[in-house]
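Residue-level structure breakdown
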Amino acid sequence: MPLEILLFALLFLALALGWWLGRKERRRLTPPPGTLGELSHDYFVGLNYLLNEQPDEAIETFIKALEVNSDTIETHIALGNLFRSRGESDKAVRVHQNLFARPSLTKEQAARVQLELARDFMAAGLLDRAERLLSELTGLNNATGKASQLLLVDLYEREKEWQKAIHTISPSMLKENHHLKKAAAHYACELAAIQLGQKNFAPARKLLKQATAFDAACIRATLLMAQLELQSGSAKAAIRILLRLPEQDPNYIPVMLQTLVDAYQLLDQPKELVSTLEKLLAEHNYTSVMIHLAEVLRKKGRHQEALEKVDHYMLRQGSLKGVDYLINLYLDQARGDERAHLLTLRNLTSQLLEKKPEHQCNNCGFASKQLYWQCPKCREWGSIKPIIGVEGE
Ligand SMILES: [Zn+2]
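Every value quoted in this text rests on a predicted model; they were computed, and no experiment measured them. (Residues numbered from 1 in each chain as written. Predicted model: local features only at pLDDT ≥ 70, side-chain atom pairs only at ≥ 80, totals over all residues. Heavy atoms only, no water.)

1. Thoughts on the coordination of the zinc ion
To keep things clear, this is the line we draw: Here the coordinating atoms are restricted to nitrogen, oxygen and sulfur within 2.8 Å of the metal centre, or 3.2 Å for Na, K and Ca, and because water is not among them the sites may look incomplete. Any coordination sphere not matching a tetrahedral pattern (four donors, all angles between 85 and 135 degrees) or a square planar or octahedral pattern (four or six donors, opposite donors over 155 degrees apart, other angles between 65 and 115) is reported as irregular. Runs of E in the DSSP output that reach at least two residues are strands. Runs of H or I that reach at least four are helices, and both are numbered from the N terminus. Here's how the labels work: a residue is buried when its accessible area is under 20% of the maximum for its type, exposed when over 50%, partly exposed in between, all with a 1.4 Å probe on protein chains only.
Protein ligation of the zinc ion involves Cys361 (SG), Cys364 (SG), Cys375 (SG) and Cys378 (SG), the donor distances falling in the range 2.3 Å. If you look at the zinc ion, its four donor atoms make angles of 103 to 113° with each other, and the shape they trace is tetrahedral. Read from N- to C-terminus, the donor residues coordinating the zinc ion fall into the pattern C-x2-C-x10-C-x2-C. Taken together, the positions of cysteine 364 in the loop between β1 (359–361) and β2 (367–368) and cysteine 375 in the loop between β2 and β3 (384–386) put the pair 11 residues apart, joining distant regions of the chain. Relative accessible area serves as the criterion here: at 1%, cysteine 375 is assigned to the buried category.

Here it is as structure tokens:
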């Protein structure tokens, strides 16, 4: 018997037992309404459907025969949740709605069922309906209220309603949930990036400060602040911010390089750029740093120096990206047969590089060419970083 059918059968038996216990209790207090035979018939018909792997018929019979009392509520909730976890959110909605309509539920029980209904609607993609249900629950000062607040934040995140998500997060939620601090900082960064795109520097700055207040370790806020300074003409401030980034998290050095180069170029300080890149390279073995350094030298006509730097680097830390760049440098001066051989080699390295992802999520392993701030697979924030090693940096 498949595990799911077994689970349904167990839930069904639990309900039957709950019904029987409730009935026994009532019998003790009041005269018995109806007969045991009538109801148990429905239960056994339902059970029979389950055993015959006909869950649709089973659920119909089950809802028809449903008796809600304090002994069976948990089982009803669990049955709805089981449907949801199987991806059958429509059935989960029906079970939970049926339960929710019962006037015998206490306020607390009704709130719990409402929360589960909101989860069902979210699973079904009916976010508006889930939002309405959750908004009514967030004021509750109990576990259901807290769970509803968290779920509402998650809902706004899925809808990319960053401002609403931030407003839903309370200081006590931030205290209790480290993950939420990281997420909140990224919500503020999302808003800041929109403002920055429209050159609205003052609101963007305010949002980035908010991001840092949520999470002082937010690398994205640092990078955006540097871009803001650069775009608003303060290249020196941009450089100052970027040079603090390796202390925050050296993994993101490759991500900051272009902004760093742009800032020095705006100041027209190629010498300072070379010495900054050399210092970075001495402390962090990243191919991207080496390539940026060699590119500055190459553009200044210091071709031999660029070659020596790359050769020296490759002895310390070889990488496919480094080999590809080295071939490009040799190609600059190669002629005839030598050039033809080098072109064949570069064709090969380019093809290999084209297929290689450059970033990877350290939470779920998802790999991609581009850097996502939220992992598209596991939805973790700030978990995707440049890949280091022979096949990466
Ligand atoms: Zn992931």
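Next comes the rest of the description.
2. Focus: helix α13 (residues 219–231)
Structural remark: α-helix, 3.6 residues per turn; residues separated by three or four positions point the same way. Cut-off, in case you're wondering: Every helix has an expected span of 1.5 Å times one less than the residues it contains. A contact between two residues is defined here by any heavy atoms of the two lying within 4.5 Å.
The first and last C-alpha atoms of α13 sit 18 Å apart over 13 residues, in line with the 18 Å expected at 1.5 Å per residue. In terms of burial, α13 is a largely internal element, 11 of the 13 residues being buried. Within α13, the full set of buried residues consists of Ile219, Arg220, Ala221, Thr222, Leu223, Leu224, Met225, Ala226, Leu228, Glu229 and Leu230. For α13, the secondary structure elements touched by its buried residues are α11 (178–197), α12 (201–214), α14 (235–242), α15 (245–248) and α16 (253–267). Immediately beyond the C-terminal end of α13, within one or two residues, lies glycine 233, with a positive phi of roughly 95°.

3. Describing the layout of surface pockets
Cut-off, in case you're wondering: Only protein atoms enter the 1 Å grid, on which a cavity is a set of points fitting a 1.4 Å probe that cannot get out and a pocket is an open set with protein on both sides within 12 Å along at least 5 of 7 lines, lining residues being those with an atom within 4 Å of a point. Grid points are joined across faces, edges and corners, and a volume is the space filled by probe spheres set on the points. Each residue is assigned to one of three groups, with Ala, Val, Leu, Ile, Met, Phe, Trp, Tyr, Cys and Pro labelled nonpolar, Asp, Glu, Lys and Arg labelled charged, and all others, Gly among them, labelled polar. In this document the domain limits rely on a domain assignment from an automatic tool or a database.
Here the largest pocket is characterised by a volume of approximately 460 Å³. Pro254, Val255, Glu358, His359 and Pro386 are, among the 24 residues lining the largest pocket, the residues nearest its centre. Looking at the lining of the largest pocket, the elements that each hand over two or more residues are α13, α16, α18 (287–299) and α20 (320–333). Across the lining of the largest pocket, the residue classes tally to 11 nonpolar, six polar and seven charged. Counting contributing residues, the lining of the largest pocket receives three or more from each of domain 2 (187–193 + 200–211 + 219–263) and domain 3 (357–393).

4. Brief notes about the environment of arginine 158
Within the secondary structure layout, arginine 158 lies in helix α8 (residues 143–158). Distance in space between the C-alpha atoms of arginine 158 and methionine 122 is 9.9 Å, their sequence separation being 36 residues. When sequence neighbours within four positions are dropped, the list of residues in contact with arginine 158 reads Met122 and Arg379.

5. Looking at the environment of proline 386
Tracing the backbone through its elements, the reader meets proline 386 in strand β3. Judged by relative accessible area, proline 386 falls into the buried class, the value being 7%. Taking C-alpha positions, proline 386 is 9.6 Å from alanine 367, a pair spaced 19 residues apart along the chain. Dropping the residues within four chain positions of it, proline 386 is found in contact with Asn251, Tyr252, Pro254, Val255, Glu358, His359 and Glu393.

6. Topic: the packing of α14 against α16
Describing two packed helices takes the angle between their axes plus the distance from one axis to the other. Convention followed: As a rule, the C-alpha atoms of each element are fitted with a line to give its axis, helices using only the stretch in contact, and angles between N-to-C directions run from 0 to 180 degrees. Should the near helix be turned anticlockwise from the far one by less than a right angle, the crossing is left-handed, and should it be turned clockwise, the crossing is right-handed.
Direction vectors running N to C along α14 and α16 enclose 145°, while the axes themselves pass 9 Å from each other. When you trace α14 past α16, the crossing you get is left-handed. Across the interface between the two elements, Ala235, Lys236, Ala238, Ile239 and Leu242 of α14 pack against Met256, Thr259, Leu260, Ala263, Tyr264, Leu266 and Leu267 of α16. When the residues that make up the contact of α14 with α16 are grouped by side-chain class, the tally is 10 nonpolar, one polar and one charged.

7. Comments concerning the sheet that holds β3
Strand pairs in the sheet, formed through backbone hydrogen bonds, run parallel or antiparallel to each other. Applied cut-off: Any two strands with at least two DSSP-identified bridges between them are counted as paired.
Spatially, β2-β1-β3 is the arrangement adopted by the three strands of the open sheet, whose pairing is antiparallel. Both outer strands of the open sheet, β2 and β3, are each paired with one neighbouring strand and no more.

8. Remarks on the confidence of the model for the chain
Residues shown with low pLDDT carry predicted positions that ought not to be read at fine detail. Just so we agree on the cut-off: The pLDDT value tells you how sure the predictor is about a given residue, anywhere from 0 up to 100.
Of all residues in the chain, 84% attain a pLDDT of 70 or more, and the chain-wide mean is 87. Under a pLDDT of 50 for its full length, residues 24–39 has, in the predicted model, 13 contacts with residues more than four places off or in other chains.

9. Notes on the UniProt feature "binding site: Fe cation" (unreviewed entry) in the chain
Quick note on the threshold: UniProt positions are given in the numbering used here, feature names are shortened, and annotations may be inferred rather than shown by experiment.
Cross-referencing UniProt, the feature "binding site: Fe cation" (unreviewed entry) maps to Cys361, Cys364, Cys375 and Cys378 in the present numbering. In sequence the annotated residues extend across 18 residues, while in space they remain close, none of their C-alpha pairs exceeding 8.7 Å. Among all residues touching cysteine 375, those that are not within four sequence positions of it are Cys361, Cys364, Phe366, Glu380, Ser383 and Ile384. Position of cysteine 378 relative to the elements: it lies in the loop between β2 and β3.

10. A word on the pattern of salt bridges
The test is simple: Counted as salt bridges are all cases of a side-chain nitrogen of Lys or Arg within 4 Å of a carboxyl oxygen of Asp or Glu.
Across all of its chains, the model carries 21 salt bridges by this definition. With a shortest N-O distance of 3.9 Å, lysine 164 and glutamate 131 are connected by a salt bridge. Here lysine 164 is found in helix α9 (residues 162–168), whereas its partner glutamate 131 is found in helix α7 (residues 127–137), with 33 residues between them in sequence. A relative accessible area of 16% means that glutamate 131 is categorised as buried. If you follow the salt bridges from partner to partner, you end up with Arg84, Glu116, Arg119 and Asp120 in one network.

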